[in-house]
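# Survey of secondary and tertiary structure
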Amino acid sequence: MTLTVEKSFDWDTFTERFWDRQPVLYKAVDAVPFAESEVFRSAVLGSRPPHPLAVPGNLQFLVRRRQQTRPHDYLPELSDGSFDGYEQRMADRLGGQRYALVVHRFHSFSHPLWDRAQRFYAGLWERVGQPTHSAGSTMFHGSYEHSPVGVHQDRFATFMFCVRGTKRMRFWAERPWSDPVHTVLDYQPYLASSFVAEVEPGDLLYWPSRYYHVGESTGDAPATSVNVGIPRREHRPYYEIKDLFRGTRPAASAPLFTPDAAPGGRLAAELPTALADAVDAFAARLDEDRFADRATELALRVRTAGGFWPTEPPAAPRPLDDDTPVRGCAPLLPAPGEGPRRWATGGHVTSGAATAEALAVLRRLDAGEAVRVGELPGTGRAEVRRLLEELESFRAVIRVDAH
């Protein structure tokens, strides 16, 4: 099989010819959704260690083929200034050894990067539907010999945007080995049945989920890409359940271990206290009203995240005075039902339901008007002020310079 190469990109042709069918490489796409400066900043924010001796759970860093368990000084810093500065520092630090930096949930660390991505993919969702479970994003950077996991198959259809350097992707239409393993690191015996794509800055490469693949370096120079994966296979309720209980932290009133078994190997009939605490915490979440509220909130978050959830956390709220006008800059979606309702935008949901006065302000914002708190009736002014401050923290309204 040979790779199809196209010079112009549009969603209609893509979905008719390539979606879930075959790989395609688009050269020099006009509307690339990932700008290098934003990618670097998100790489910095997305690789902050939770502790000086710990690697973040969403990150992998390898030197040659060795997974690093401590961050050392390997991760990008704002002081590097750009990927140029980071690459030079790594070349000096590692003595030219090959390395790989992989950052998962990449879109959730930069609102501008998320905004650009969700606007680009809106064209795909219009034609195939927004995924019920969110698309994922991962940045790959480095001079690594090949992808850390080797040849593998994903449950995602994948779009790869090359940001800098040259990337090579190698594909197999079928699994090239017969051994009962999911990945292969040393794949030299299977090269003859593969085909490759050489991806340069500004290019967009797509492949369906059924293709086995591996990323390779084309030389010693580092390269950077951002991959967007859209779930297409092996969909399991596990992912939705995980999201429904995201953030649940049962209060453990006992050590997190199981007592030793009694003579004969039998465990006690009752759960250990720590596990019983966890069961009680989740059971409380399953109360009908609380569960309905949580499921509705999750649905609003996912729907307004433009296919990419979770998004960057809200900014710190800022006090809003009576005279500063604000204008809407993002669409708002209400919760279903009648009467006062919560509203969602950009993957976030308001903390309270909108009153009649607040609803009138939301309608004005939706119509493109600028609103000042001081113009509003005194009775509802405090509630509207709080709502506008919260929406600004969601990046859904902006302050307007009166001059």
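Bear in mind the structure is a predicted one, so any value in this text is a computation, not a measurement.

The next point concerns the packing of helix 2 (residues 36-45) against helix 4 (residues 111-128). Between helix 2 and helix 4, the least distance of the axes is 9 Å, while the angle of their chain directions is 125°. It follows that helix 2 is oblique to helix 4 by the angle criterion. Note that helix 2 runs across helix 4; the crossing there is left-handed. Touching Glu-38, Val-39 and Ser-42 of helix 2 are Pro-112, Leu-113 and Arg-116, all from helix 4.

The subject of this paragraph is unusual backbone geometry. With the exception of glycine, most residues fall at negative phi, and the peptide bonds are largely trans. Cis geometry marks the peptide bond from Trp-309 to Pro-310; its omega dihedral reads 5°. Residue placement: Pro-310 occurs in the loop between helix 7 (288-304) and strand 13 (326-328). At Arg-105, a residue that is not glycine, the phi angle is positive and equals roughly 50°. As for its position among the elements, Arg-105 is in the loop between strand 5 (99-104) and helix 4. According to the relative accessible area criterion, Arg-105 is partly exposed, its value standing at 41%.

The nine strands lie next to each other as 1-2-10-7-12-6-5-3-4, forming an open sheet whose pairing is mixed. A single partner strand is all that each edge strand has here, and the edge strands are strand 1 (4-6) and strand 4 (66-67). Against the sheet, helix 3 (residues 83-94) makes contact with strand 3 (59-63), strand 5, strand 6 (136-142), strand 7 (156-164) and strand 12 (223-231), and its axis sits at roughly 135° relative to strand 5, the strand it touches most.

Let us look at the sheet that holds strand 17 (residues 370-371). Ordered by their spatial adjacency, three strands build an open sheet running 17-13-18, and the pairing between neighbours is antiparallel. Taken across any chain shown, the strands that pair with only one partner, and hence form the sheet edges, are strand 17 and strand 18 (397-399).

The rules behind the values
Residues numbered from 1 in each chain as written. Predicted model: local features only at pLDDT ≥ 70, side-chain atom pairs only at ≥ 80, totals over all residues. Heavy atoms only, no water. Axes fitted to C-alpha atoms, helices over the stretch in contact; angles between N-to-C directions. Helix = DSSP H or I, 4+ residues; strand = E, 2+ residues; numbered from the N terminus. Parallel < 35°, antiparallel > 145°, perpendicular 65-115°, else oblique. Left-handed = near helix turned anticlockwise from the far one by under 90°. Contact = heavy atoms within 4.5 Å. Buried < 20%, exposed > 50% of the residue type's maximum accessible area, 1.4 Å probe, protein only. Pairing = 2+ DSSP bridges.

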